[in-house]
Amino acid sequence: MASDRRIGVLARHLGVEMDFESHTATAISASPTSGFQGNSVFSHVVRAPEDPILGVTVAYNKDPSPVKLNLGVGAYRTDEGKPLVLNVVRKAEQQLVNDRSRVKEYLPITGLADFNKLSAKLIFGADSPAIQENRVTTVQCLSGTGSLRVGAEFLARHYHQRTIYIPQPTWGNHPKVFTLAGLSVKTYRYYDPATRGLNFQGLLEDLGSAPSGAIVLLHACAHNPTGVDPTPQQWENIRQLIRSKGLLPFFDSAYQGFASGSLDSDAQPVRMFVADGGELLVAQSYAKNMGLYGERVGALSIVCRNADVAGRVESQLKLVIRPMYSNPPIHGASIVAVILKDRNLYNEWTIELKAMADRIISMRRQLFDALRARGTPGDWSHIIKQIGMFTFTGLNSEQVAFMTKEYHIYMTSDGRISMAGLSSKTVPHLADAIHAAVTRAA
Ligand code: PLA
């Protein structure tokens, strides 16, 4: 029969022996591509280590201890230790759900137009000349990380200098994002462990000897992991140096509003660089300041010399994005747009944001007081001096390992603590652990 013949050809092709009476396969032999029998074509794949930051949560989740505490990833918790969905976010989501005219069509490659305009306004200021002159292009990306990646891919393709200088230390994902995008990563001195402050001289020297045109990554505020930011005067000196050497600033703004509690104050360094008329890139994230972590909402803005360049740059950003993820998700960006567009919701947001920043600041004070009360050796004033979500404690990796083993406190091995994960109830436990770690090693 013709059908038997066709099945036979197909079966031979698949390496299957057929019993033509019953039309069932009697034996399956290994396909020529599967290597030796029983072995995976992936058997050479070695197990990768967990991520230095997100892996802390993986370890935390496995710990059955009732006193365990996750101070690894920078994720805000209430004083009851619970994740927080902002009230304004709930309201905006309700509006979106109630609006039956909303559909789930694809967004354009560049994302939600309203979201992009409002995001540029948020970081550059409502009266920014660069926005008025139409020389900013903003594209919606997958949170801060995605914005950094798209910006870096664009630079690797279209910018004449492939070297990017990142601070030492910096967020652990920075070197990986930039290297994979095709940039070559170098570091500039930033933190001085001796003073637990900024190594300003080292920073100026390293940027001063960078090749002309090199890209410089700057944390817009609340530097991660050190919690150390330049003063306004130091920012002005950095700006002058960067502009005089023709370096290209790439700001990472992952914590706008989290450093000072004010969205405008935290954007000042970026706005200083825009005000001089020069070009720059900014990656924005709404993960922390709107608590939209898992919604992956962010934006990349490139401030260009004029509107014509900005238009051409945007056309090329689309060519970067389209083969990467085609176009960004709609829900989170719609939440942000609803909040930023409505004066009342916006005001409500700033109040909730300030409350989060204030709670973090009060955790700094409580931890500092608790260590003082215990007479823990050392100067812990950096806990109250540092800014943003993290305290860079100065604890070494053995001390961190000890605190995890004996006290079930989870944090990154560089001694960084997420203050936002701490609460009044857990401060004593953390202070006990730090005290034990420090006195044990001494
Ligand atoms: N840039 C900096 C400086 C960051 O600290 C983070 C997040 C991001 C960008 C990216 O955030 P997003 O993609 O979620 O917007 N850093 C966290 C989380 C809070 C992480 O490592 O992914 C941290 O714990 O360091």
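It should be emphasised that the depicted structure is a prediction, and the values quoted were computed from it without experimental measurement.

### Looking at the overall build of the protein chain
Broken down by element type, the protein chain carries 16 helices and 15 strands. For the protein chain, with 442 residues in total, the buried portion stands at 50%. Long-range contacts, defined as pairs at least 24 residues apart, comprise 74% of the intrachain contacts of the protein chain with a sequence gap of at least 6. Carbon together with sulfur atoms contributes 54% to the accessible area of the protein chain, which is approximately 21,100 Å² in total. Each charge sign in the protein chain was given a centre, from 46 positive and 39 negative side chains, and these centres are 1 Å apart.

### Some words on the pattern of salt bridges
For the structure on display, the rule yields 17 salt bridges. Asp 79 is the partner of Arg 359 in a salt bridge, and the nearest nitrogen-oxygen pair spans 3.0 Å. Here Arg 359, found in helix H13 (residues 343-374), pairs with Asp 79, found in the loop between strand S3 (69-70) and helix H3 (87-98); they are 280 residues apart in sequence, far enough to count as distant. Residue Asp 79 is classed as partly exposed on the basis of its relative accessible area, which comes to 25%. Several salt bridges converge on common partners, so that one network encompasses Glu 236, Arg 239, Arg 243 and Asp 276.

### A short note on the site of the ligand
Neighbouring the ligand are 17 residues, the closest being Ser 143, Thr 145, Asn 224, Asp 252 and Ser 285. A distance of 2.6 Å separates an oxygen atom of the ligand from a polar side-chain atom of Asn 224. The side chain of Arg 296 places a nitrogen or oxygen atom 2.8 Å from an oxygen atom of the ligand. Among the residues forming the shell around the ligand, the class breakdown is 7 nonpolar, 6 polar and 4 charged.

### Here's the deal with the nonpolar core
One finds Met 290, Trp 349, Met 403 and Ile 434 to be the most contacted residues of the largest nonpolar core, which totals 62 residues. When contributions to this core are tallied by element, the ones reaching two or more residues are H3, helix H4 (113-124), strand S12 (297-303), helix H12 (331-341), H13, helix H15 (397-407) and helix H16 (427-441). At 10 residues, H13 tops the list of elements feeding residues into this core.

### Some remarks on the UniProt feature "domain: Aminotransferase class I/classII large" (unreviewed entry) in the protein chain
Here the UniProt feature "domain: Aminotransferase class I/classII large" (unreviewed entry) sits at residues 68-434. When the span residues 68-434 is considered, its composition is 47% helix and 16% strand, and the gap between its end C-alpha atoms is 15 Å.

### Structural notes on the pairing of strand S9 (residues 215-219)
Of all 5 residues in S9, 5 are buried; the element is thus mostly enclosed. Every second residue of S9 is oriented toward a common face, with Ile 215, Leu 217 and His 219 on one face and Val 216 and Leu 218 on the other, all of them buried. As judged from the 2 bridges shared by strand S5 (residues 163-168) and S9, these two strands associate in the parallel manner. Bridge pairing in S9 places Tyr 165 opposite Val 216. In terms of strand pairing, S9 meets strand S10 (residues 248-253) through 5 bridges, oriented parallel. Looking at the pairing, His 219 lines up with Asp 252 of S10. In terms of handedness, the path from S9 via helix H9 (residues 232-244) over to S10 forms a crossover that is right-handed.

### Describing a nonpolar patch on the surface
Together, Val 41, Phe 42 and Val 45 make up a nonpolar patch on the protein surface, roughly 320 Å² of accessible area in all. Examined against the element boundaries, Val 41 turns out to sit in the loop between strand S2 (24-28) and helix H2 (54-62).

### Some thoughts on the sheet that holds S10
On the basis of which strands lie adjacent, the open sheet formed by 7 strands has the order S4-S12-S11-S10-S9-S5-S6 and mixed pairing. Every interior strand has two partners, whereas the edge strands, strand S4 (136-142) and strand S6 (184-189), have only one. Taken over all neighbouring pairs, the strand axes of this sheet differ in orientation by 25° on average, direction set aside. Against the sheet, helix H8 (residues 200-208) contacts S5, S6 and S9, and its axis sits at roughly 145° relative to S6. The sheet strands contacting H9 are S9, S10 and strand S11 (280-285), and the helix crosses S9 at an angle near 165°.

How each quantity is defined
Residues numbered from 1 in each chain as written. Predicted model: local features only at pLDDT ≥ 70, side-chain atom pairs only at ≥ 80, totals over all residues. Heavy atoms only, no water. Helix = DSSP H or I, 4+ residues; strand = E, 2+ residues; numbered from the N terminus. Buried < 20%, exposed > 50% of the residue type's maximum accessible area, 1.4 Å probe, protein only. Contact = heavy atoms within 4.5 Å. Areas by Shrake-Rupley, 256 points an atom, 1.4 Å probe, with all protein chains shown as cover. Lys, Arg positive; Asp, Glu negative; His and termini not counted. Charge placed at Lys NZ, Arg CZ, Asp CG, Glu CD. Salt bridge = Lys/Arg side-chain N within 4 Å of Asp/Glu carboxyl O. Near = heavy atom within 4 Å. Polar contact = N/O pair within 3.5 Å; in protein donor to acceptor, adjacent residues only side chain to side chain. Nonpolar A, V, L, I, M, F, W, Y, C, P; charged D, E, K, R; others polar. Core = buried A, V, L, I, M, F, W, Y, C linked by side-chain atoms within 4.5 Å. UniProt positions renumbered as here; feature names shortened; annotations may be inferred. Pairing = 2+ DSSP bridges. Right-handed = clockwise from strand over helix to strand, strands pointing away. Patch = residues over 30% accessible without salt bridge, like charges linked within 9 Å, V, L, I, M, F, W, Y side chains within 5 Å. Axes fitted to C-alpha atoms, helices over the stretch in contact; angles between N-to-C directions.

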